[in-house]
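# Notes for the structure review
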Amino acid sequence: MSLRISDLCIARGGIPVLEGLSFALEPGQALILRGPNGSGKTTLLRTIAGLQPPVSGTIDGAEDMIAYAGHSDGIKPTLTVSENLDFWAQVFGTEGIAAAIEAFDLDMLRDRPAGELSAGQKRRLGLSRMLVTGRPIWVLDEPTVSLDVKSVMMFADAVRAHLGQGGSALIATHIDLGLDSAVLEVGPFKAKLPAIDDFDGAFL
Ligand SMILES: Nc1ncnc2c1ncn2[C@@H]1O[C@H](COP(=O)(O)OP(=O)(O)OP(=O)(O)O)[C@@H](O)[C@H]1O
């Protein structure tokens, strides 16, 4: 399933952030979002994931297709690692958490309450959730935060395997994941703020 973004304008806190954005993400492809802090990458990913509406433009192919991992790991601290994954498998109506446990090397941690994991271990658990969702389009916001070098490679391998199975991934990251992926710089799509008219100017 393709994701198609057409002439998208997005805002945060009522202020336009990006405008005129169009791109497509096909099965088997990864697209890396880049741009300075505050340029609108998170806002774009949140909009595509359906957490907020766009100001204008269209997002086609997203419904029931997206697994989103934002800045928070989205884990339940009192449940163990495997209980967390079982919970998400139930939410998404999928079966089996073994692939997720293996891909993110969580076997030794499976009976630990998630709240007692280190930051990097929590992040690995949060990312392993992507595999449990069974969703084809992964939307990931700075997924490598807190990960050590080995875990970053583990994550990149999981993305590669996902692409190899016909999935796709849209990833905001400041680091090079070594993926064979296109890059979208959001800077050129910075929204112009509305012009101040003469009436407003009289009060400045
Ligand atoms: N909760 C919020 N309410 C209002 N404005 C916000 C909120 N969160 C972010 N913004 C503003 O929206 C704009 C876009 O922020 P966004 O988080 O999308 O940028 P980003 O490119 O993801 O940044 P970073 O690389 O720092 O994560 C910024 O000007 C930011 O200050």
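Residues numbered from 1 in each chain as written. Predicted model: local features only at pLDDT ≥ 70, side-chain atom pairs only at ≥ 80, totals over all residues.

## Comments concerning the domain arrangement of the chain
Cut-off, in case you're wondering: Boundaries between domains were set according to an automatic or database domain assignment. Whether two residues are in contact is decided by their C-beta atoms, placed from the backbone, lying within 7 Å. In the scheme used here, Gly and all other residues not listed as nonpolar or charged are polar, with Ala, Val, Leu, Ile, Met, Phe, Trp, Tyr, Cys and Pro taken as nonpolar and Asp, Glu, Lys and Arg as charged.
Domain parsing of the chain yields domain 1 (1-64 + 137-143 + 159-204) and domain 2 (66-135). Taken together, the contact pairs nine residues of domain 1 with nine residues of domain 2. Class assignment of the residues belonging to the side of domain 1 that touches domain 2 gives a composition of seven nonpolar, no polar and two charged.

## Thoughts on the environment of Ala156
We apply this condition: Helix and strand labels come from DSSP, where a helix needs a run of H or I of at least four residues and a strand needs a run of E of at least two; each type is numbered from the N terminus. Counting other C-beta atoms within 10 Å of a residue's own tells you its class, since 20 or more makes it buried, 12 or fewer makes it exposed, and anything in between is partly exposed; those C-beta atoms are placed from the backbone.
Looking at the secondary structure, you find Ala156 in helix H5 (residues 149-164). By C-beta crowding, Ala156 is classed as partly exposed, having 18 other C-beta atoms within 10 Å. Sequence separation of Ala156 and Ala67 is 89 residues, and the distance between their C-alpha atoms is 16 Å. Once you skip the residues sitting within four places of it in the chain, Ala156 turns out to touch Leu177, Gly178 and Leu179.

## So, helix H2 (residues 81-92)
Our working rule: Working rule for helices: expected span equals 1.5 Å times residues minus one. Each C-beta atom gives one direction from the helix axis, and the arc is the one those directions make.
The terminal C-alpha atoms of H2, which comprises twelve residues, lie 17 Å apart, in line with the 16 Å expected from a rise of 1.5 Å per residue. Taken together, the buried positions of H2 are Val81, Ser82, Asn84, Leu85 and Trp88. Mapping the buried residues of H2 onto a view down its axis gives an arc of 155 degrees, with all of them on the same face. Those residues of H2 that are buried lie in contact with helix H3 (98-103) and helix H4 (119-133). One or two positions beyond H2, positive phi appears at Gly93, with a value near 65 degrees.

## Considerations on the sheet that holds strand E8 (residues 182-185)
The cut-off we apply is this: If DSSP finds at least two bridges between two strands, the strands pair. All axes are obtained by fitting lines to C-alpha atoms, using only the stretch in contact for helices, and the reported angles, taken between N-to-C directions, cover 0 to 180 degrees.
Here we have five strands laid out as an open sheet, ordered E5-E6-E7-E3-E8, and parallel in their pairing. Only two strands of the sheet have a single neighbouring strand rather than two, namely strand E5 (66-69) and E8. Averaged over all pairs of adjacent strands, the angle between their axes in this sheet comes to 15 degrees, without regard to strand direction. In this sheet, E8 lies alongside strand E3 (residues 30-34) in parallel orientation, the contact comprising four bridges. What sits directly across from Ile32, in E8, is Val183. Docked against the sheet, helix H1 (residues 41-48) engages E3, strand E6 (137-141) and strand E7 (168-172), running at close to 150 degrees with respect to E7. Of the strands in this sheet, E5 and E6 are in contact with H4, which crosses E5 at around 170 degrees.

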